[in-house]
Amino acid sequence: MGLVTAVGLANTGKDVICIDNNPEKIEQIKKGHLPIYEPGLEELLIKNLARIEATSDSKAAVWDSDVIFIAVGTPFNGEQIDLSYLKQAAKEIGNALKQSNGYKTIVVKSTVIPGTTLDVVRPIVLRQSGKTDDEIGFAMNPEFLREGNAVEDFMFPDRIVLGVTSGRVENTLRAVYSGFTRTEILITNPTTAEMIKYTANSFLALTISYANEIARICEKLIEVDSEEVFRGVIMDKRISPIINGKRITPGIASYLRAGIGFGGSCFPKDVKALEAYSNSIKVDGKLLSGLLYINETQLMHVFQTGLEKHKGKVKQITILGTAFKPDTDDIRESPGIRLAELALENSINVAVHDYIAINNTKKHFGDKVEYFEEPLEAIRTSDIVFVTTIWPQYQLITDEDFEKNLKKDAILVDTRSHFKERSDKPWRYRIGVSR
Ligand code: UDX
């Protein structure tokens, strides 16, 4: 997120300095190489390299900048959000500001629980720097980037949310985002901005869990496909308005779909952090805990569906897709990875395939699973094949290909309705459909 923001702002003509305490990452960025996989980002980095500096010297970088964005990680530590990296960054910035001149604006971009910018970051920076609110401004500016789509999401944002502490800070940030003349800007206070980010992510996560609970009901009925149920629901004109005789299908429709549950670096940690925060302030967050429970159990549900539908002993499964979604090499909280772990815990061998995430998968599993470069090779010796990531390339595999390569009596469990357009086959099961 930090790098996408840096490159994206540089692309609108701003001079940007990237600070990271990992010298390897700094060297890579200087050479125009990406430390992560993100479509389109490397090209944009190379194009704007003249406007992008990268350094581990935070002091000089902070002195030279008018606006300092904090984009460090805020992981969930099992009980609550871990703000240690954020506090460290705030301390470093405060120290650097001791000897600096001129007005500075500190912007929190990391996802943080409500109140963090004003009650955690601001006091640390002011204390460390010895300065006052007249010399330093604070803001919270959440990001809404999707991995795999981050460049497009940055260049064509649906909204820019600026949680500011004064008119001066607002003007400074409007100038930072001056390249986005067509985008609606929401001006609010930092705590509301923090809450917007959590509410947005938990809302999207909620729709996924809702779809999965409905799907489990549909599976128990006769001849009901949850895809069709949701198609009917989405036709409500309050969800998909009809404008000039044409129905506008909302983007949310793709989240309202039965599957294997959500993963990735954001939804699981953000919903857990909001749930923990709501408990800490004595708000009984049943909906948040419920949606997390559904997500947790959906994985087991998918696994058991496979075991039930397969006639006979299951010795090996194949996971087609270990990335938590297509176009990323990120395997954090990935359903494919978690399903593989579940199988290993049940003494079932695992074969895996992915197009981009295989190196990260190797780092995660070592020699505990078998790796394949071709999906059809990965399925040959397995009893159950789980399609867990909707890589478009899997669509190119025909049913004849599957039939030729699947072992006798083997089945395929389509956990994400990737093959919903295809005709029924006795060896293929889809999550969310009664059969
Ligand atoms: C998410 C938010 O979408 C983004 O706005 C925020 O800034 C960061 O968190 P990201 O985690 O990258 O972004 O990906 P997203 O595409 O939203 O996927 C999250 C989970 O939802 C994945 O497990 C994915 O499989 C699932 N998902 C995604 C769906 O079920 N349906 C979809 O249409 C898209």
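Residues numbered from 1 in each chain as written. Predicted model: local features only at pLDDT ≥ 70, side-chain atom pairs only at ≥ 80, totals over all residues. Heavy atoms only, no water.

Caption draft 1: Quick look at the domain arrangement of the protein. Parsing the protein into structural domains produces domain 1 (2–188) and domain 2 (201–430). The straight-line distance from the C-alpha centre of domain 1 to that of domain 2 is 33 Å. Considering only the surface of domain 1 that becomes buried against domain 2, Tyr37, Phe76 and Glu147 emerge as the three largest contributors, covering 52% of it. Between the two partners, domain 1 and domain 2, sit 1 salt bridge. Within the side of domain 1 that touches domain 2, the residues separate by chemical class into 7 nonpolar, 4 polar and 3 charged. (Domains from an automatic or database assignment. Buried area = accessible area lost by both parts, 1.4 Å probe. Salt bridge = Lys/Arg side-chain N within 4 Å of Asp/Glu carboxyl O. Nonpolar A, V, L, I, M, F, W, Y, C, P; charged D, E, K, R; others polar.)

Caption draft 2: Quick look at the state of the cysteines. Within this structure, the stated rule accounts for 0 disulfides. Cysteine Cys18 remains unbridged, with the sulfur of Cys266 as its closest cysteine sulfur at 19 Å. (Disulfide = S-S within 2.5 Å.)

Caption draft 3: Structural detail: the pattern of salt bridges. Summed over all chains, the structure comprises 20 salt bridges. The salt bridge involving Arg146 is made with Asp153; its shortest N-O contact spans 2.8 Å. Note on Arg146: relative accessible area 38%, which makes it partly exposed. Where Lys269 meets Asp270, a salt bridge forms, and the shortest distance between an N and an O atom there is 2.9 Å. Relative accessible area serves as the criterion here: at 18%, Lys269 is assigned to the buried category. The network of salt bridges with shared partners includes Glu147, Asp330 and Arg332. (Buried < 20%, exposed > 50% of the residue type's maximum accessible area, 1.4 Å probe, protein only.)

Caption draft 4: Region of the structure containing the sheet that holds strand E4 (residues 104–108). Sheet architecture is open: 5 strands sit in the order E3-E4-E5-E6-E7, paired in mixed fashion. Only two strands of the sheet have a single partner each, and these edge strands are strand E3 (67–70) and strand E7 (185–188). When the angles between neighbouring strand axes are averaged without regard to direction, this sheet yields 25°. Across 4 bridges, E3 lies against E4 in parallel orientation. For Ile68, the partnering residue across the bridge sits in E4 and is Ile106. (Pairing = 2+ DSSP bridges. Helix = DSSP H or I, 4+ residues; strand = E, 2+ residues; numbered from the N terminus. Axes fitted to C-alpha atoms, helices over the stretch in contact; angles between N-to-C directions.)

Caption draft 5: Just the pairing of E7, in detail. In this sheet, E7 lies alongside strand E6 (residues 160–164) in parallel orientation, the contact comprising 4 bridges. Bridging from a neighbouring strand, Ile160 pairs with Ile185 of E7.

Caption draft 6: Spotlight on the site of the ligand. Around the ligand, 18 residues are found, and the nearest of them are Glu147, Ser254, Tyr255, Gly263 and Lys325. Within the side chain of Arg416, an N or O atom sits 3.0 Å from an oxygen atom of the ligand. When the ligand sits alone it has 640 Å² of accessible area, and the protein chains cover 88% of it. Per element, the largest residue contribution to the shell around the ligand is 4 residues, and it comes from helix H9 (residues 190–220). Among the residues making up the shell around the ligand, the classes are represented as 9 nonpolar, 3 polar and 6 charged. (Near = heavy atom within 4 Å. Polar contact = N/O pair within 3.5 Å; in protein donor to acceptor, adjacent residues only side chain to side chain. Areas by Shrake-Rupley, 256 points an atom, 1.4 Å probe, with all protein chains shown as cover.)

Caption draft 7: Here's a closer look at unusual backbone geometry. Positive phi outside glycine occurs at Asp409, with the angle close to 70°. As for its placement among the helices and strands, Asp409 is situated in the loop between helix H16 (399–405) and strand E14 (411–414). In this structure, Ser417 takes a positive phi of about 55° despite not being glycine. Along the chain, Ser417 falls in the loop between E14 and strand E15 (428–430).

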